[in-house]
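Fold and geometry: a report
If you want the building blocks of each chain, they are given just below.
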Amino acid sequence: MRTLLKNLSIGRRLLVIVYTSLFFFSVIAVVFWYTSAKSEQMSDRIGHLNTLKEEIAETKHLYNALRGHLGFAFIINTETEADRANQLKEWFKNHQILLKESTNRVRKHQNLSPELQELKLKFLTKVEDLSALSQNNFDKILNSTSSDSLKYQEVKEFLFSEYSTSFQNLINTTQTLEKDLEAESHTLILEIQSQENTAKWGIIIFIVIAGIILFLFSNLLIQSITRPINQAKSNLEQLSEGELPDVILSENKDEVSRMIGSLHQLVVNQKQLMDFTRQVAQNNFSVEASMYNGKGPIVQALLQMRNSLKESAQKEAQKNWHNEGLSKLSQLLRNKNLDHQTLHATLIQFVVKYVKANQGSIFHVVEEDKQTYLDVVATYAYERRKYQKKRLEWGEGLIGSACQERDIIYLTDIPENYVRISSGLGTASPTCLLIVPFLSEQGVEGALELASFQPLEPYQIVFLQEACNAIAAELTILKTNQKIQQLLAQSQLQAEELRAQEEEMRQNMEELAATQEEMERKTREMEDTLSQFQNQ
């Protein structure tokens with residue numbers, strides 16, 4: 001009852017008393033109507049049973065008539081009383097038809113108890129059997145005469161044995177069925193009387209209970225009106241003193257309770273406002289402005305403030321992420337303990353993980369024999385078959401195009417079978433593909449290729465461009481150092497060749513000097529020999 005009052009306004013509570021009184025009177029009327037309808041239904045059933053008893057009595061009269069016709073047929077002499085015999089045949093035929101119609105009317109009565117229904121079917125079966133037995137033996141009985149002692153004796157035995165037994169069984173079944181029908185009618189009459197008495201006492205008890213309920217309901221109605229008014233008065237006094245009262249919501253739904261609910265919602269909105277500003281101050285920008293149902297100019301101003309602070313915090317976080325990534329990249333590039341292959345592998349691994357991509361690769365521009373091509377120097381998380389061909393001609397494919405155009409390529413609609421990302425669960429095509437060329441003052445030094453399931457944000461692409469510029473500068477330095485090393489090695493080789501040539505020339509000069517000395521010695525010897533020869 002209290003729950004019912006809580007959900008109604010004051011005006012409607014007064015109407016409830018009227019409606020409740022009408023309800024009680026309606027219930028009484030319904031009980032009277034139901035009792036009358038039930039009694040009428042049972043009276044109809046009693047009438048139905050009486051009709052059935054009358055039809056069973058008619059059937060009983062008809063099969064007794066058939067039995068009389070068989071008795072007359074037994075005593076009539078067809079030779080001397082032919083007209084009477086023909087008339088008896090006509091009567092027997094008519095009674096057979098009437099008996100069949102009577103049994104059909106009995107069969108149509110279906111609204112019976114299972115026991116009566118079973119007994120009725122048994123009665124009809126015996127009537128039909130007796131009728132068929134009479135039909136099959138009527139002519140035989142009619143044509144029997146005392147002059148034919150054998151045939152006469154046979155018919156006599158049939159009438160006083162088989163037929164009499166069947167007829168007696170039918171009589172017994174009929175009596176049982178009539179007794180059961182009479183008992184059923186008597187039971188229905190007693191039930192009608194019982195229901196009328198029950199309805200009378202039920203109405204008396206109902207009227208007493210209804211009076212008690214109306215009294216209690218009126219008392220509850222007065223309390224449900226005065227209690228929330230006193231509560232609203234107390235809350236308004238606290239609010240007038242500048243306090244935020246702990247408003248206790250009423251479960252009622254009348255005018256005063258709705259006023260208390262509005263006051264409670266105002267206090268709740270103020271508390272939510274304080275909690276919102278506290279969360280924003282703690283950099284929790286995902287907090288929602290639930291006060292005032294998320295509507296109104298106050299909420300819009302708070303959301304604008306939150307979004308502005310959130311945007312500033314995101315820019316600051318992206319800037320820190322950007323600077324931190326470049327710092328870590330610079331540390332990797334300054335590491336002189338790594339050879340070129342290890343450095344490239346470390347760089348691609350760092351870039352892929354830092355931007356949370358899934359796989360990537362680094363290409364170098366190689367100039368050899370007046371030909372320019374791109375060579376894969378490092379990959380991370382790619383399938384082995386992706387770069388079985390490690391050399392790409394200048395301008396070949398997306399990577400070659402990016403290097404040739406000196407501009408980035410960012411695709412979210414990736415060509416089919418261009419690249420697939422493998423994991424322990426299988427393979428799948430990435431969502432986006434980014435190719436950034438390594439640009440330096442001397443030209444294009446190479447390119448970076450990244451594939452990812454998640455689209456790259458603009459600030460990530462800006463970071464990758466600056467990172468690639470830093471890598472390009474380092475590659476330029478490496479390439480310059482490599483050329484210097486090559487020139488130094490070539491200079492050292494030329495110096496060694498020059499020293500070898502000098503040693504060879506020195507040896508040749510020594511051999512030439514020795515040859516000259518030998519020629520001078522031989523010349524002196526020849527001169528001495530010639531002088532001696534002339535002196536002789």
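Residues numbered from 1 in each chain as written. Predicted model: local features only at pLDDT ≥ 70, side-chain atom pairs only at ≥ 80, totals over all residues. Heavy atoms only, no water.

Moving on to the overall build of the protein. Counting its regular elements, the protein contains 10 helices and 8 strands. When burial is assessed residue by residue, the protein has 33% of its 536 residues classed as buried. Of the contacts made within the protein by residues no fewer than 6 positions apart, 64% connect residues no fewer than 24 positions apart. Summed over all atoms, the accessible surface of the protein reaches about 34,100 Å², with 53% contributed by carbon and sulfur. (Helix = DSSP H or I, 4+ residues; strand = E, 2+ residues; numbered from the N terminus. Buried < 20%, exposed > 50% of the residue type's maximum accessible area, 1.4 Å probe, protein only. Contact = heavy atoms within 4.5 Å. Areas by Shrake-Rupley, 256 points an atom, 1.4 Å probe, with all protein chains shown as cover.)

With the rule as written, the count across this model stands at 4 salt bridges. The partner of Lys-315 in a salt bridge is Glu-311, and the shortest N-O contact between them spans 3.4 Å. Taken together, the residues Lys-315 and Glu-311, both in helix α7 (residues 297-334) and 4 residues apart, mark about one turn of the helix. Between Lys-328 and Glu-324 there is a salt bridge, and its shortest N-O distance comes to 3.3 Å. (Salt bridge = Lys/Arg side-chain N within 4 Å of Asp/Glu carboxyl O.)

This part is about the UniProt feature "transmembrane region" (unreviewed entry) in the protein. As annotated by UniProt and renumbered to match this structure, "transmembrane region" (unreviewed entry) occupies residues 12-34 and 201-222. Annotated as residues 201-222, this span is 100% helix and 0% strand, and its ends, taken at the C-alpha atoms, are 33 Å apart. (UniProt positions renumbered as here; feature names shortened; annotations may be inferred.)

All right, on to the confidence of the model for the protein then. Across the protein, pLDDT averages 76, with 80% of residues at or above 70. Per-element averaging of pLDDT across the protein places helix α1 (residues 2-6) at the bottom with 56 and strand β4 (residues 409-411) at the top with 90. Predicted confidence is poor over residues 384-388, with pLDDT under 50, and the contacts of this stretch with residues over four places away or in other chains come to 9 contacts. (pLDDT = per-residue confidence, 0-100.)

The subject of this paragraph is the nonpolar core. Judged by nonpolar contacts, the single largest core of 32 residues is most densely connected at Leu-347, Phe-438, Leu-448, Leu-450, Phe-463 and Leu-464. Those elements giving two or more residues to this core turn out to be α7, α8 (340-354), β7 (432-440), β8 (443-452) and α10 (458-535). If we ignore the near neighbours within four places in the chain, the residues touching Leu-448 are Ile-348, Val-351, Ser-361, Ile-362, Leu-434, Ile-435, Val-436, Phe-438, Leu-464 and Cys-468. Membership of the second largest hydrophobic core comes to 25 residues, among which are Ile-46, Phe-92, Phe-123 and Ile-171. (Core = buried A, V, L, I, M, F, W, Y, C linked by side-chain atoms within 4.5 Å.)

It is worth spelling out helix α9 (residues 397-405) at this point. An α-helix turns once per 3.6 residues; consequently, residues spaced three or four apart project the same way. Among all positions in α9, only Ile-399, Gly-400, Ala-402 and Cys-403 are buried. With its buried residues spanning 160° around the axis, α9 presents them on a single face. Structurally, α9 contributes buried residues whose contacts are with β1 (359-368), β2 (371-380), β3 (391-393), β4, β7 and β8. (Arc of directions from axis to C-beta.)

With that out of the way, let us pick up the environment of Leu-49. Considering the arrangement of structural elements, one finds Leu-49 in helix α2 (residues 10-75). Residue Leu-49 is classed as buried on the basis of its relative accessible area, which comes to 1%. Remark: the alpha-carbon pair of Leu-49 and Leu-181, spanning 132 residues in sequence, is separated by 6.6 Å. Not counting the four nearest positions on each side in its chain, Leu-49 is found in contact with Leu-112, Leu-181, Glu-184, Ser-185 and Leu-188.

With that settled, the discussion passes to the sheet that holds β1. Whether parallel or antiparallel, the strands of a sheet pair through hydrogen bonds between backbone atoms. Taken together, the 6 strands give an open sheet; going across it, the order is β3-β2-β1-β8-β7-β4, and neighbouring strands pair in antiparallel fashion. On the outer flanks of this sheet lie β3 and β4, each paired with one strand and no other. On average, adjacent strands in this sheet sit at an angle of 20° to one another, irrespective of strand direction. Pairing analysis gives 3 bridges linking β2 to β3, with the strands arranged antiparallel. Following the sheet pairing, Leu-374 is matched in β3 by Leu-392. Set on the sheet, α8 makes contact with β1, β2 and β8; between it and β2 the angle comes to about 65°. Against the sheet, α9 makes contact with β1, β2, β3, β4, β7 and β8, and its axis sits at roughly 35° relative to β7, the strand it touches most. (Pairing = 2+ DSSP bridges. Axes fitted to C-alpha atoms, helices over the stretch in contact; angles between N-to-C directions.)

Attention shifts here to the packing of α7 against α8. Here α7 crosses α8 at 170°, and the two axes come no closer than 10 Å. Overall, the two elements α7 and α8 adopt an arrangement that is roughly antiparallel. Once α7 is placed against α8, the crossing between them reads as right-handed. Here Trp-321, Glu-324, Gly-325, Lys-328, Leu-329, Leu-332 and Leu-333 of α7 come into contact with α8, specifically with Leu-343, Thr-346, Leu-347, Phe-350 and Tyr-354. Grouping the constituent residues of the contact of α7 with α8 by class yields 8 nonpolar, 2 polar and 2 charged. (Parallel < 35°, antiparallel > 145°, perpendicular 65-115°, else oblique. Left-handed = near helix turned anticlockwise from the far one by under 90°. Nonpolar A, V, L, I, M, F, W, Y, C, P; charged D, E, K, R; others polar.)

Once that is clear, we can look at the side chain of His-322. In this fold, His-322 is placed in helix α7. You can call His-322 buried: its relative accessible area is 13%.

Attention now goes to the pairing of β2. Inspection of the sheet shows β1 paired to β2 by 9 bridges, in the antiparallel sense. Counterpart to Ser-361 in the pairing with β2 is Thr-379. Connecting the antiparallel pair β1 and β2 is a turn made up of 2 residues, with Asp-369 showing a positive phi of about 55°.

Across all of its chains, the model carries 5 aromatic pairs by this definition. Measuring from centroid to centroid gives 5.4 Å for Trp-321 and Tyr-459, while their planes differ by 85°, and the two rings are edge-to-face. In this pair, Trp-321 sits in helix α7 while Tyr-459 sits in helix α10, placing the two residues 138 residues apart along the sequence. With relative accessibility at 18%, the residue Trp-321 sits in the buried group. Members of the aromatic cluster, joined through ring pairs, are Trp-321, Phe-350, Tyr-354, Tyr-459 and Phe-463. (Phe/Tyr/Trp six-rings, centres within 6.5 Å; stacked < 30°, edge-to-face > 60°.)

A word on unusual backbone geometry. Positive phi outside glycine occurs at Lys-356, with the angle close to 60°. Looking at where Lys-356 falls in the secondary structure, it is placed in the loop between α8 and β1. Overall, the relative accessible area of 69% leaves Lys-356 in the exposed class. Not every positive phi belongs to a glycine, and Arg-406 is a case in point at roughly 55°. Along the polypeptide, Arg-406 turns up in the loop between α9 and β4. Since its relative accessible area comes to 43%, Arg-406 is described here as partly exposed.

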